[in-house]
Each structure stands twice: as structure tokens, then as C-alpha cells.
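Architecture at a glance
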Number of protein chains: 2
Amino acid sequence: MSNVIGTPLAKIDSWDKVIGAAKYADDMNLPRMLHARILRSTMPHARIKSIDTLDAEELPGVVAVITGRDVPIEYGILPSSQDEQALCVDKVRFVGDAVAAVAALDVETAERALQLIHVEYEPLTPVVTMNEALDETRDAIHSGEHADHHNIHKMVALEFGDLDAGFAEADYILEENYFYQGNTHLALENHSALASFSPDGHLTLWSSTQTPHYVHRALAKTLELPASRIRVVAAAIGGGFGGKTDPFSHEIVACKLTMLTGRPVKITLTRQEVFYCHRGRHPVLMWVKMGVRNDGEPTALHFRTMLDGGAYGSYGVASTYYTGALQTVTYKIPAYKFEGMRVFTNKPPCGPKRGHGTPQPRFALEIHLDKIARHLGLDPAEYRKQFIVDDKTKTVNHLTITTCGLRECIDRVVEASGYGSEKRETRNESQESKIENQKSKIKIGFGLACGSYLSGAGLPIYWNQMPHSGVIVKVDRGGGVAVFCGSTDIGQGSTSLLAYIAAEEFGIDVRDVRVITADTDLTPVDLGSYSSRVTVMTGNACIQAVRPLKQKILDAAAEKLLVPAESLSFRDGEIICEDDDARRLKWTDAVVLTEAKHGTLSGTGSYKPPKRAGPYKGSGVGVSPSYSYAACVAQVSVDIETGQVRVEKIWLAHDGGRALNPLLVEGQVEGSVYMGVGEALMEEMTYRGGLHKAPSLLDYKSLTMNDMPRVETFLVETNDPEGPFGAKEAGQGPLLPVPPAIANAIYDAIGVRIDETPITPDKILKALEEKEKGRTARFGPKNFPNAPYPEPLHVEPPEDAPRLERKKG
Amino acid sequence: MSNVIGTPLAKIDSWDKVIGAAKYADDMNLPRMLHARILRSTMPHARIKSIDTLDAEELPGVVAVITGRDVPIEYGILPSSQDEQALCVDKVRFVGDAVAAVAALDVETAERALQLIHVEYEPLTPVVTMNEALDETRDAIHSGEHADHHNIHKMVALEFGDLDAGFAEADYILEENYFYQGNTHLALENHSALASFSPDGHLTLWSSTQTPHYVHRALAKTLELPASRIRVVAAAIGGGFGGKTDPFSHEIVACKLTMLTGRPVKITLTRQEVFYCHRGRHPVLMWVKMGVRNDGEPTALHFRTMLDGGAYGSYGVASTYYTGALQTVTYKIPAYKFEGMRVFTNKPPCGPKRGHGTPQPRFALEIHLDKIARHLGLDPAEYRKQFIVDDKTKTVNHLTITTCGLRECIDRVVEASGYGSEKRETRNESQESKIENQKSKIKIGFGLACGSYLSGAGLPIYWNQMPHSGVIVKVDRGGGVAVFCGSTDIGQGSTSLLAYIAAEEFGIDVRDVRVITADTDLTPVDLGSYSSRVTVMTGNACIQAVRPLKQKILDAAAEKLLVPAESLSFRDGEIICEDDDARRLKWTDAVVLTEAKHGTLSGTGSYKPPKRAGPYKGSGVGVSPSYSYAACVAQVSVDIETGQVRVEKIWLAHDGGRALNPLLVEGQVEGSVYMGVGEALMEEMTYRGGLHKAPSLLDYKSLTMNDMPRVETFLVETNDPEGPFGAKEAGQGPLLPVPPAIANAIYDAIGVRIDETPITPDKILKALEEKEKGRTARFGPKNFPNAPYPEPLHVEPPEDAPRLERKKG
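Residues numbered from 1 in each chain as written. Chains lettered and ligands numbered in written order. Predicted model: local features only at pLDDT ≥ 70, side-chain atom pairs only at ≥ 80, totals over all residues. Heavy atoms only, no water.

1. Brief notes about the relation of the copies chain B and chain A
For the pair chain B and chain A, the superposition axis carries a translation of 0.1 Å, the fit reaches an RMSD of 0.1 Å, and the rotation angle comes to 180°. Seen this way, the second copy is the image of the first under a two-fold rotation axis. The share of interface residues of chain B whose copies in chain A are also at the interface is 100%, consistent with both copies meeting through the same surface. (Least-squares fit on C-alpha atoms with pLDDT ≥ 70 in both. Contact = heavy atoms within 4.5 Å.)

Okay, here's the thing in C-alpha cells:
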């Protein structure tokens, strides 16, 4: 083994990023390139009566104008959600829905031309709130085939184990409502796409996409071109966080326009367009009912969610399942009922964002547990630790726990923060004097929460039939290694991780490995960068590709060195006999010997996740080769005069399995904390009559460097059998415990519960005011909507799941 | 089988070329790019006493100045010819030798800076002629290690069979001298290189090179970088013809400058620089002695060549062997002696040009045979046909004949042209009246000649130990096929051929195949585009890569269709059961099924030529998997008043095995004719005191469209067992018979022999003048130089070689 895995190395693309050599989609320009802009609906809900593009077409500098009739084929990311059109044909469904597009010699002309397109709308009553979506007297946003019922996109109800018995066993049952507000990814880079069509019928798209393979499929469908004539390349990506995971209207439009004009076409969205077409995090209403014994042991959990999906399906079916799937993977739950529903509204569609569908229920669950612990007089940390799932078991809903380092995660953050003890670090030294002055106004609190996330998941278009990741490795005669894989690096460093893995396996310097990614012509299919899947899935495929090559090299070296191949290992650019290290061969010489014997050296690896889906529909969502765990302690200070919450410090321990590069894992933790604090305290996407209230970086409130807490990160390295070198996920899981830890810390500081995000000063002040009056302010929904959840499907838990032991009676 | 192979298809890169999308090296620009120029020696032979670069360095806009001390490591294409330095350190050896280089903000500044570099030379007596090179009293151009003896770079002498016995059996022996003048490739694109060095130590070079792998090696050596950190990419190439086959000084210099400055550096040679640094065709003196019986049957051949190599080795060792190797592969020669010698002179170094080392001896041999036929009163065509080598035999010098279509080639051109009969087509109709007027002054003549060339060869750095070609094939889930190979397309269409082969094998449209070439990072090693090797060698590697994939696909399809895999074939985008064509599966569906079963679909193929070298040193040169054959009839008109020769028409039949794309083969024939006519009549590289006499497109006389004869091409398609689908070479062989056919036609027209190229009007007039006086003008060398050829190595011919049957005594 060389010294690559586990070492804090720079990302292999860091120099390119630093010196500006990395090319983002909008950096690219081609000769004769046209610039396109999209006309977007100003109505939240309306029928399109007519579109007159004549004036726009006649504007000098305009080369082409298209409308929905030019690209009418419906698409969508999931087979069950083929409900979008690149440009609307009959209806618009949200302010921002794409209606027409112009390609012109420059952006300004394209913009002017948009103003010359005359669209006649017949307005329909907009469906704005979730309650309105449930009102069957209102117009349906979609036709029946795209919805489970009227404006209900998806309904699901599952019951695992005996819920009634569980509640019957409980000593204490707590029921509460929670609300997690929608918010956006806020990637630095706006979406951009450059398309070029060659005269012999080959289409190339460079795009800031996390999922070139899905875009490839969507283009083939909507443009009616063979996939073999389409090349999709992910450019360098300036942040994704899930917001570049759907195939987007502007990608299809750019392609259609280049096909029509024969000239390259670029579309770069404005920040405002991104706010509208963002596919941000779903707002989710939640109702939680949990039963526990007096020692806190959970006996039953009933979880109900309602997602505000906005106007289209996107990944919404998966999002819905996700709001239910992972409640079971942290603590032993012997009986679990989940009811989920996603409704359509005339707002921008929601999709995946870091933690996809799981931060919302985690917020509810971890506050709920805090309340229960307080009620029972238990220490929230010690309490949780007693009921943590065991390694090598299954959950009540058939998810497989391979390794779980949550107990150690809790220990680490509790010990470091002094949570629950007198050792608590109470303030930032630099603020000492300030706090001294305002002592009585600043309240300090500590909160704890935990979380868990997937290490990759499948997608219904393939489930486990097809490889989720393919890798081809070439070993050059000069000793260079090329790794070809379809995965996209969205800044998280996945490309670097593949280089580390190959370098580790071959015992060579990382600089001797080149990674070629995310180009559907050059690289084998990889489903993309989402679900924290690349390190585990593409990494495993990489190892599979490398291993037979290693054996060939070992055999050739053994023949040359006259030693058994088993005695040889790859180390520091050499093949060395472990029994006699005078017998060694340079890597480059061994490669030449091997190529002379076997011919060109290349290997292929594929990864399919283990077949573990449970015996029920929808069980595939949530199934992951392994689960990461995280525990967080937040220290907050609350100014009771202004309601201002400041997160002073975050202690976060993450079990992401083996940290292949601890620097990158720490980076993911810090980024997750940044995002989690923002979601907890200030980020929100809200609308007035379908219009976004804050569609700009100036108006949308998010964390600045001044608001960023100090972060102390602990890596708890379980050695997971499913991961390459024991790795699990790291990119999303650390976010999950942050918002509930903050909410719990606020309660600890000022004794009020704010059960919805964002926890803004006005809510704090209102809560304090009510408390002063001896009342309890409620910020989650007062009543969970009366929704027609279906009869649940009863599913028998697996053998090795937590069992309800009857103690009573 | 689909309808790809044998079909006249467009090249797959033709649209890119036509619309200007193809990027040549000089088209590329990078941010912060510097422009470099090279200071070249003005002296043919001198010691460098000092170089003062201070003034140049101080010129505003100059970023770096380097001299030989910055890149002193010697390199060269062959292991035995490591005699060049990117910039000369101690000596300059020809006018044009590189001495220093400047990188500046623009070309003009770099040019000005060159004038500020002060080089102090100590002049040495230049060695200009071959006779001077043999004069041991003159200074040696190279130190001893780089030459066989003084200014003799290479000497070789080989004798196969019993030469004395052969000549003793002869009824007629003819001895003559011939001279073939040096000339240049005249590719439209001047050499250009763009180099970029990243801060993490990765060097990338885009270059107009035919041999990225050799450049890769040369860079690693001269820059002392691991090959794994160097990426060489062949840009689109605007013609090569062998002139871009060496690693060049300017490539190394561009790399060194980018490494020193941290900024990309581009060098594009001027046309004048290309003329000087061209590695053009060797001027070759030849002495031929041939013995035949009265019926023309060859009994012995003694061939002596002397090559004017210019200042460096280049491929010269191979060139020397080549002037001897292929005399035996057309006609049955039972005894053969070859003596070859290459000398160093203070002129630009010579290297490979289309036909590398073989057009010169072919010119001599085919004129020699014409003379013998005339002397014996035999028809030159019928005569040749009697002694053509047989399929599946070996030559006296151990070369293997797999298939030979030369007899049919002769028949085709004789029949079409009426050569040797009264049916001769005597003139171009459009010139009828002109000719009518000048009837007495215009003489018409017909000449015939033949030739043969290699289908690829090895190179001493590898011979057969390592693959000469590697190919990786990836089949995408969407049905697209990607072929990765290191070969370069220099305009001949080799990239297209690989697409045809893959498309044919898979039964799909050529547009579904993308070929990724000549990028040492992305593609496996291929030795490059020279020796007519790509179609046969890379083509075979491609088939080897494809076949196991096909089997997997067939097995998956068979399982699905419930038929035996043997009954299935790939046709028109489907897998079809030949016994029941209702049982069929779309290619795209079959691919998905196969990937589901086997994982990511990729295959690897390698090609090594068969091990066939004879039992003597140097036998590897000339060894080829197969040999192409060509026969040519030229019709010329000679104006006896002006000496002007016009080639009216060329009939050329080429046995290139199966023509994978007849359009491309015809294109190669026409291009070869163009080049052959130019070499025969006008092209010449001549020097005065080391200075090129015509280093510009205006001065260097070459064929214009007005001079281009009509060409009638015949493809004689032998089905060679060594080639993919029976193919042999086509890119170089058709040139060989053209110059001697023209020379023979001129004799036919006016009764004089011009035994040297170019056959210019002044030589014609002089010959006619001498003839008028009853004398014979000689244009070949009057006396072959008295050179110290070594004692020949006697080699026993193989069993199945032509045998001398003793008839006398």
C-alpha cells in the first residue's frame, strides 16, 4: 500500500480551479455561437391560447424562435413523472415555466426579442398552498396520468410491524406537528448549457449537470435522436447540491436551437431564473406520533409527511419515499408507520437538495426525541445512545445496517462540547466583553441531534438490472494510468477520489493518474453525482477494473523476479517482494513487461448495489449499500431583546466509514454545517401569488462568513465492508443533525420550541412574548391537513429487525 | 454483415474539415499563451563559441530565452541515432539547425528578439556533397558514436544466394547508375506545436505529429519528466506524408519554454523553416547490375545505394535498409546483393517521405528492366509478368509474400491504356487542335512500371516485443460505440477506417461510432501513422477488441431469442437469426441486455506483426505482414522544341488487398500520382553552400492542377489473410511506379533515357542535342563514388524462395 488513502491530499483539479483553467459551461464559446434566452410565464396557472412570435422573428439579429410545438415530447427524471415539456404547449404551471425561446447573435438581442413574443393566456385559479392542492374544487394542474389523484402527485402508506401494539406498550406518547421550509441550493454557478450540432447529425451538449447520463436519455427522447448520436459532457461545475440533477428545459432548448440553426447555441440562466427553476428543497409538513417506555425505548413511530412539490414531478416520488425511509436507521424502532403525500402547486417544482427528503423528517424526529427526553427527565445524549441500531442488522422497514458508528459520534461531540455537563464552553472569547455588557440579554444554549444518510441509491429506471457505475482503466506503456468514468465532480472531489483509489491500488503517485469523467462518448455510464453515491459505487467499480490488471502485472513481475506473485506488493512506484525487498521492479518496467505479455493493458469494472430491496413497492428508495451516521452539538446564543440567534459553535462527528481523504470529508462537514445553519435560521423560498419573494442573492437571506460558526469536526472511521477501503458517504449526511441541534439548543437557551424552519428573530420574539404570557406559541402547522392518505400496506419486518418485547400485561 | 466495408463512404471527419471545425495545432490558443520562435544557424557547419542572449532577454515583451544548455539531452527517433539536441550546444550542422529560442508576448517580439541573440561561430569546412562526405580529410560532422565511420552514418552489405553463379548463368548483364533527387513533402500545414505545463507538473503538447507515441518518449527523455506526467495529443493534421514523423526540436522547445514560464507556448514553423527542417526524401545514388537470361528471367541482382542523409540520423538507418529490402518482392530474384550507405552532409537531415526509401531504387530497377526488355526485344509488360513472385512464398531475402495481385495489375493498366498495342489512346481530345498544329514537335510516349510497398513495419525500439497498436472499444448503453486508438489521421482517413471496421463488425451505422485518436492520455499506444501501418495493424487490433464483445452480445441475444448464438448475425442495426429472421433484436436492446448481464461493455485489442524476420541483422526492416502491388502506365507528350514534358494520363492499378473504402484508396492513388509526377518532373531540394535554393512555395517547383494528368484507377482486390477484411496498404505503394513509368514513357516518346529525377526540360533538350550528335547524354552519376562498402554478410535464402536453376554447362 502506498500512502494515498487516508492522507490529506489536494484535489487533483485544485490547480485548475485556482488558476482559472477549469472551464465551466458558460466559459465555453464556439465559432458562430448563438446566444439563447427563454421566455418564461408571468402567470402561475394559465392556459396558453396563442403565441405570436412574428415580431420577435423579424428583429434583426434573431436567428430562430421556438415554442412548445417544436419540442412537445414530455420528459421527466423518473419513468412515472414524464410530465414536463421543454417549452409549455397548452398550459403554464408556475411563474417561470418556459414558454418560448429565442436564439440570436447576442444576449441583448435575444432579450429584446423575448419582449416581442406575444403570449395570450387564459388565467386559471392558481393552486398555491398545500391546503388548496387538497381542495378538489380547484383546477387540476396536471392531467390524471401524472397524478395519483387530482392535485395529489403521490400518496404512499406503509406499516411495518404492529403499530397498535407498539403504542399500547408505550408509557408515553407524544404527538406533534413540524414544518420544514423550502429553500434553494444557492450554487455559485448558474446553470449553463452549450449545444452544438454537426452537419452529419451528431449533437454535443456541454452542461453544468450532475447527471449527464440522465440528460443523455432525456435528449434522445425529446429530440428523437438515437442516443448514439448524442454526446453529453459535464463541464466543470460550480456547485450542484442536487440543483443540477434534473434534465432541464434550457438544455433541451439549446439542443433544439442548434439543430434548427446549425450553429452552436449557449444558454446561461440568470440568477433569477435559477431561483424560479431551481428544484429546491421541498417544504414539508410533518406530523409525528411516537410512543416510548419510561426509559425512553421507542415502541412505535407514526410519521406523516406532506410535501409541497410545486408544479412538476421531478424526483418527487423519490422525495416522498425519502421523507419516510430513513427514520428507522438511527434508533431501534420496532413498529413504524409512514404516510407520505406530495401535492402539486403552482409554484416552481421542488426536487433534490443535499440530504434529499431527509433533513425535514430528521428535523422533526430529533426535536421530537429532545422533547421526549426532557419530558422523561433523561439526558438526550445518553438516552439516544441506548437505542442505537446494531451493526449487521436490518431495520423494521428492511434496510440493512452494515456498520453504525453513531454511538461513538455522540460520545465525541458530547465530550468535546461538554454537552450536558458543567464543562460547557459557553462563549466565544472574542465576544466576552460584549456578552459581559449584555449578559442578561444573551442566553446560551446547547442542543444535540443525530442523523444518517445513504451511500448511494438506485433509481427506478434501472434499479439493479443495470450497472450504476462503470469504470474503464487504461495503463499506459509509460506508466500513466487513465481512469474513465461517467461520474461528475460537482466540487466534492469525486474525481480526485477515483485517482486516489487507483493510485493506492497500484502503489503510485496520484499525479500519475488521470481521471476522465462525465462524457457520454468517452466514459462508461455512471448515474451521476447524487445520493452520495460516487465514492462508494464508482469507487467499487474502479477497484473492480483495477484488480485483474494488478494480477497481470504481479504475474509478469513474479516471472521476472523469480518469486511467487503472492509475495509481491505495489508500493511507492515499485513492485516489491515483501519477503526480500532487494527483489523489486519499477512500476514502469513492470508495466512494459506486462504489456509485452498481455497486450494493451485495460480493465473494466461495473457496480450494481447489492439486491436488498424489501418485500414492498417503494422499498428500493432508501436501500443503500451502507449508511453514514452523524451527531452534532450546537452552541447558540440568543439575544432575547432582538430575537437574534447566533450559532457560536458546531461540534460534528461523522461516521463516513474510512475517510479516503480526511481533508475532503472535513470539507463536506463544514459545507454541510454552513448549509444546515442557513436552513435552520434564515433560508426560505416563499411566494406571493406565485411570485418568488426573494429571487436574488441580495434578497434571499443566506449565511455570510460572519454568520458561520466555528466547526470542530470528528471523523469516526468505521470500516464498512461495502465501501472501497471501508468508505461510506460524507457529502450529505453531516447536514442532517445541524438544524434540529440548533432548534434544541435554542430551547435549551430560552425554553421555547420553534418547530419550523427558518427559526427567525420574529418567531423567537413571538415565542418569548407568548411564554411571558404563560402561553405556548406554535410555529409548526396548527393542524395537519386533513388529507386522504390511503390504507397502509402492512409489511412484516425482517427477522433481524428490532422486535417489540411485550412487557406489559 | 452490414454494408460498410467496400462501400464508398465519406470520411467521418469530412464535415469537420469542410466547415472549418477541425482544430489544427496552430488554430489553438490558450489564455496567457506565449509565442515562440527559434533562432536557426546561418552556417552549415560551425562550432558555437558563445551565445549572448542578454539583449534579447531585455527586450520588452520577451518572457524567456533558452539555448542548448537548457535542453542538452540528445534524442533521435531510433535507438542508434540519438544524435540531435533540441537546441545545439557545441556545434551547428546545417543551415537551419536550431540554436536558441525565445518566448514572447507575440510573434513579432519573438522575431525581433532573435535578432538580438548574438552567436559567435567558429566556421568549419562544410561537407556538402556525398563525395565530400567520403573524404576523410574533412571534419567529421558527428562524433564517432553516431557514425559507422567518419561521415558515413550507416553501412550495410548483404548477399542472398549465390550472386556469382547468378551472373554466370546470365545471358545478358546490364550495369547502370541512377540518381533520385531529394524532395520535400509539401504538406499544406506547417508544423505547429502548443505546449502547456500545469502547476502540478503535468505537461500537455498538442502537435501536428504523425507519431505522438514517439514524441511522448522523446519528451520524457529530453525533459527528464516521467512519461506518466506528459500528454501528447495529435491535433488535426494538414498532411504529413512522413514529414511529421520525427520528434522535432520545436516540440521540445515549446515544452521547455512552457515549463520555464508556466505559460502556454506555441511555435508554428514558417514555410521556410519547414523547407530547412523538413526531413525530406533522401537523394540517392544507385548502381544497378542485373543479369538475365535471353527470355528475361532474372538470374542475379546487385544493387548499390548511397543516401545523402544530411546532418542527422533521423530514420536514416531504416531508410538505408529500405533502399535495398524491397527489390525482391515484385519479381523472382534468385540471387541478390545489396550494399547500402548513408552519409552525413551539412544539409538539412533527410528522413521518411511517402514510400520511405523505396521510390528511389524502384525508379532505378524499373527503368533498368525497361532497358533490358528493349535490349532483348521483349514487351516490357509481358516480360515482367513472367517472373512475378507467387503467393505464399518467400523472397531470397526472407520476406514473406502472402498475396500478390501484380500480374492482374499489369493486365488492367495494359488493357486500359493499350500499352504495347495499336489501340493506344494517344492524346487528350481537348488538346487535339493544339497538337495538330504542333504535330511534328510533340512526341507521344507510353511507359510502364511496377512497384510494391509494405503494409506496416516495426521499429527497432520495439520490434515485436510490444504491441504496435492497441485499441480499446467501449459500447455505450445507448448503442454508441467508442473506439480509442493512438493512431493519427494525417488526412488519409485512418480514423474513418477504424469506424468502418467497428461499424461493419457490429452491423451498425458508421455514425454510431466515434473514434478517439492520438492522445497519449486517452488512447492506448499506437506507433503512429507511417509505413502504411494503420489500416492493417490498428485495424486488426480493433477487430481483436471487438470480437469478444460481439460474442457477449450474441450470447445475450441468443438467450433472449431462444436460438443458438451461432445462428445470429449483426446486420443493419439488429441482431438477426439467419434461420428465422422473425427472430431479431434491436442492436440497442441487445446492448442493454448484454450490459445487464456482463457489466460495462469494453474490449481491448493489441496487434503485433507476425514474427518473420530473417536470420540476419537488419532483416526486420522490410518485414511486413503483407505487400501491396501496383502497376502504372504513363502517357506523356514531349515538346522537343522546349523539352517540356506533359504527363497526359496515368493508368494505375493497385493491389491494396480488399479496399475497405474504395473512395479512400482511389484518393490515395490519385494523391500518389500527383506526388509521383512532381518528383519525376520538377521537384528538387538543392543547396548552394548549405543554403536551400528554393525554400518557399513560390520557388519550389511542384505540380499545379494544370500539370495534373488524368488518372484512371483500378483496384485489384486480393483478399490478404493478414489484413482486416483482407486489406493491405494503399497510401504509399501507388507512388512507386509513377516516376519510372514516366521516365520509360519519355524514352518511348523521344528515344532518350534520363536516369535521374527530376526530368527537367533542360535535361530533355540536352539529351536530344547529344542524340542528334549521335552521342548519349548521361544524367545519372557518371561514376558511382568509390565507397568503402563492407564485406557482405552471406545469407542463405529460405526454402521457398526463387531458386536459380542452372541451365548452362
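Here the narrative resumes, following the displayed structure.
2. Let's talk about the sheet that holds strand S3 (residues 62-67) of chain A
Residues and elements named next belong to chain A. In space, the seven strands of this open sheet follow the order S3-S5-S1-S12-S9-S10-S11, with mixed pairing throughout. The strands lining the two open edges of the sheet, one partner per strand, are S3 and strand S11 (230-234). Recorded for the sheet is a direction-independent mean angle of 20° between the axes of neighbouring strands. Each of strand S1 (34-40), S3 and strand S5 (98-104) touches helix H3 (residues 107-115); the most contacted strand, S1, lies at about 30° to it. Along the sheet face, helix H6 (residues 212-223) touches strand S10 (203-207) and S11 and points at about 145° away from the line of S11. (Pairing = 2+ DSSP bridges. Helix = DSSP H or I, 4+ residues; strand = E, 2+ residues; numbered from the N terminus. Axes fitted to C-alpha atoms, helices over the stretch in contact; angles between N-to-C directions.)

3. Here we look at a negative patch on the surface
Residue and element names in this part refer to chain A. Residues Asp52, Asp55, Glu57 and Glu58 make up a contiguous surface patch of negative charge. The element contributing the most residues to the negative patch is helix H2 (residues 54-58), with three residues. You can see Asp55 is positioned in helix H2. (Patch = residues over 30% accessible without salt bridge, like charges linked within 9 Å, V, L, I, M, F, W, Y side chains within 5 Å. Areas by Shrake-Rupley, 256 points an atom, 1.4 Å probe, with all protein chains shown as cover. Salt bridge = Lys/Arg side-chain N within 4 Å of Asp/Glu carboxyl O. Lys, Arg positive; Asp, Glu negative; His and termini not counted. Charge placed at Lys NZ, Arg CZ, Asp CG, Glu CD.)

4. Focus: the confidence of the model for chain A
Residues and elements named next belong to chain A. Mean pLDDT for chain A: 95, with 97% of residues reaching 70 or above. A low-confidence stretch, residues 425-430 stays under pLDDT 50, and its non-local contacts, those more than four residues away or across chains, total 13 contacts. Under the prediction, the complex receives an ipTM of 0.95, its pTM being 0.96. (pLDDT = per-residue confidence, 0-100.)

5. Quick look at the packing of aromatic side chains
This model, assessed by the stated rule, comprises 27 aromatic pairs over all chains. Ring plane angle 40° and centroid distance 5.9 Å describe the contact between A:Tyr214 and A:Tyr530, whose orientation is recorded as tilted. A residue pair is termed long-range when its members are at least 10 positions apart, and A:Tyr214 in helix H6 and A:Tyr530 in the loop between strand S21 (513-517) and helix H15 (534-561) qualify at 316 residues. Through a chain of ring-to-ring contacts, three or more aromatic side chains come together here, namely A:Phe160, A:Tyr336 and A:Tyr616. When the ring centre of A:Phe167 is taken as reference, the NZ or CZ atom of A:Lys289 above it lies at 4.2 Å. The residue whose ring lies beneath B:Arg753 is B:Tyr747, and the NZ or CZ to ring-centre distance is 3.8 Å. (Phe/Tyr/Trp six-rings, centres within 6.5 Å; stacked < 30°, edge-to-face > 60°. Lys NZ or Arg CZ within 6 Å of the ring centre and 35° of its normal.)

6. Quick look at the packing of helix H17 (residues 662-681) of chain B against helix H18 (residues 738-750) of chain B
Residues and elements named next belong to chain B. It is at 8 Å that the axes of H17 and H18 come closest, and there the two elements cross at 50°. Considering the angle they form, H17 stands oblique to H18. Of the two elements, H17 crosses H18, and the hand of that crossing is right-handed. In this structure, H17 uses Val673, Gly676, Val677, Ala680 and Leu681 to contact H18, whose residues at the interface are Val738, Pro739, Ile742 and Ile746. (Parallel < 35°, antiparallel > 145°, perpendicular 65-115°, else oblique. Left-handed = near helix turned anticlockwise from the far one by under 90°.)

7. Some remarks on the domain arrangement of chain A
Residue and element names in this part refer to chain A. Here the domain parsing of chain A yields domain 1 (26-124 + 188-239 + 244-277), domain 2 (284-457 + 614-795) and domain 3 (466-607). Contact with domain 1, which involves 21 residues of that partner, is made by 24 residues of domain 2. Taking both sides of the interface into account, the surface hidden between domain 1 and domain 2 amounts to around 1,900 Å²; carbon and sulfur atoms contribute 63%. Between the two partners, domain 1 and domain 2, sit nine residue pairs in polar contact (both at pLDDT 80 or more). Here the element with the most residues in the side of domain 1 that touches domain 2 is helix H8 (residues 271-276); it accounts for four residues. Of the residues that constitute the side of domain 1 that touches domain 2, the class distribution is nine nonpolar, six polar and six charged. (Domains from an automatic or database assignment. Buried area = accessible area lost by both parts, 1.4 Å probe. Polar contact = N/O pair within 3.5 Å; in protein donor to acceptor, adjacent residues only side chain to side chain. Nonpolar A, V, L, I, M, F, W, Y, C, P; charged D, E, K, R; others polar.)

8. Focus on helix H12 (residues 406-417) of chain B
Since the α-helix advances by 3.6 residues per turn, residues separated by three or four positions end up pointing in the same direction. Residues and elements named next belong to chain B. When the terminal C-alpha atoms of H12 are compared, their 16 Å separation across 12 residues agrees well with the 16 Å that a helix rising 1.5 Å per residue should span. Where H12 is concerned, the buried positions are Leu406, Cys409, Ile410, Val413, Val414 and Ser417. Down the axis of H12, the buried set is contained in an arc of 120°. They therefore lie on one face. Summarising the contacts, the buried residues of H12 are in contact with helix H11 (380-386), strand S18 (442-454), strand S26 (627-639), strand S27 (645-655) and strand S30 (710-715). Positive backbone phi, at 75°, marks Gly418, one or two positions downstream of H12. (Expected span 1.5 Å × (residues − 1). Buried < 20%, exposed > 50% of the residue type's maximum accessible area, 1.4 Å probe, protein only. Arc of directions from axis to C-beta.)

9. Things to note about the nonpolar core
A:Phe303, A:Leu406, A:Val636, A:Leu681, A:Ile742, A:Ile746 and A:Ile764 are the most contacted members of the largest nonpolar core, which has 114 residues in total. For this core, the leading source of residues is strand S26 (residues 627-639) of chain A, giving nine residues. With sequence-adjacent residues up to four places away left out, A:Ile742 is seen in contact with A:Ala634, A:Val636, A:Val647, A:Val677, A:Ala680 and A:Leu681. Among the nonpolar cores identified, the runner-up in size contains 113 residues, and B:Tyr172, B:Tyr180, B:Tyr419 and B:Ile650 belong to it. (Core = buried A, V, L, I, M, F, W, Y, C linked by side-chain atoms within 4.5 Å.)

10. Thoughts on the interface of chain B and chain A
Between chain B and chain A, the contact holds 52 residues from the first and 52 residues from the second. Carbon and sulfur atoms supply 55% of the area buried between chain B and chain A, which totals about 4,200 Å² over both sides. It is B:Arg477, B:Arg514 and B:Thr600 that lose the most area in chain B upon contact with chain A, and together they represent 18% of the buried surface on that side. Connecting chain B to chain A are six salt bridges. Of the charged contacts, one joins B:Asp512 and A:Arg229 as a salt bridge, the two residues approaching to 2.5 Å between their closest N and O atoms. Here chain B and chain A share 24 residue pairs in polar contact (both at pLDDT 80 or more) between them. The set of elements that each furnish at least two residues to the side of chain B that touches chain A consists of helix H1 (14-19), helix H6 (212-223), strand S11 (230-234), strand S19 (469-475), strand S20 (481-485), strand S21 (513-517), helix H16 (587-598) and strand S25 (601-607) of chain B. At five residues, the largest contribution of residues to the side of chain B that touches chain A is made by S19(B).

11. A few points about the pattern of salt bridges
Summed over the entire model, instances satisfying the criterion amount to 105 salt bridges over all chains. The closest approach of N and O atoms between A:Glu505 and A:Arg547, which form a salt bridge, is 2.7 Å. Linking A:Glu505 in helix H14 (residues 494-506) with A:Arg547 in helix H15, this pair joins segments that are 42 residues apart in sequence. Assessed through its relative accessible area of 43%, A:Arg547 is described here as partly exposed. The shortest N-O distance in the salt bridge between A:Arg514 and B:Asp521 comes to 2.6 Å. Of this pair, A:Arg514 sits in strand S21 while B:Asp521 is found in the loop between S21 and helix H15 (534-561), placing the two residues in two different chains. Relative accessible area serves as the criterion here: at 14%, A:Arg514 is assigned to the buried category. Judged by relative accessible area, which is 9%, B:Asp521 ranks as buried. Connected via shared salt-bridge partners are A:Arg37, A:Arg40, A:Glu111 and A:Glu273.

12. Considerations on helix H10 (residues 359-376) of chain B
Residues and elements named next belong to chain B. An ideal rise of 1.5 Å per residue puts 26 Å on 18 residues; H10 measures up with 25 Å between its terminal C-alpha atoms. Where burial is concerned, most of H10 is hidden: 15 out of the 18 residues are buried. After H10 finishes, the residue Gly377 shows a positive phi value of roughly 75°.

13. Focus on unusual backbone geometry
All names here are of chain A. Residue Thr757 is joined to Pro758 through a cis peptide bond whose omega torsion reads -10°. Mapped onto the secondary structure, Pro758 falls in the loop between helix H18 (738-750) and helix H19 (761-772). The backbone of Phe241 shows a phi angle near 60°, a positive value even though the residue is not glycine. Position of Phe241 among the secondary structure elements: in the loop between S11 and helix H7 (249-261). With a phi close to 55°, Lys392 is a non-glycine residue in the positive phi region. As for its placement among the helices and strands, Lys392 is situated in the loop between helix H11 (380-386) and strand S16 (393-394). What makes Lys392 exposed here is its relative accessible area of 73%.

14. Overview of the environment of B:Pro724
Residues and elements named next belong to chain B. Mapped onto the elements of the fold, Pro724 is located in the loop between S30 and H18. Pro724 gets classed as buried once you look at its relative accessible area, which sits at 1%. Taking C-alpha positions, Pro724 is 8.1 Å from Ile501, a pair spaced 223 residues apart along the chain. Discounting residues that sit within four places of it in the chain, Pro724 has contacts with Ile501, Thr535, Val536, Gly539, Asn540, Ile543 and Leu660.

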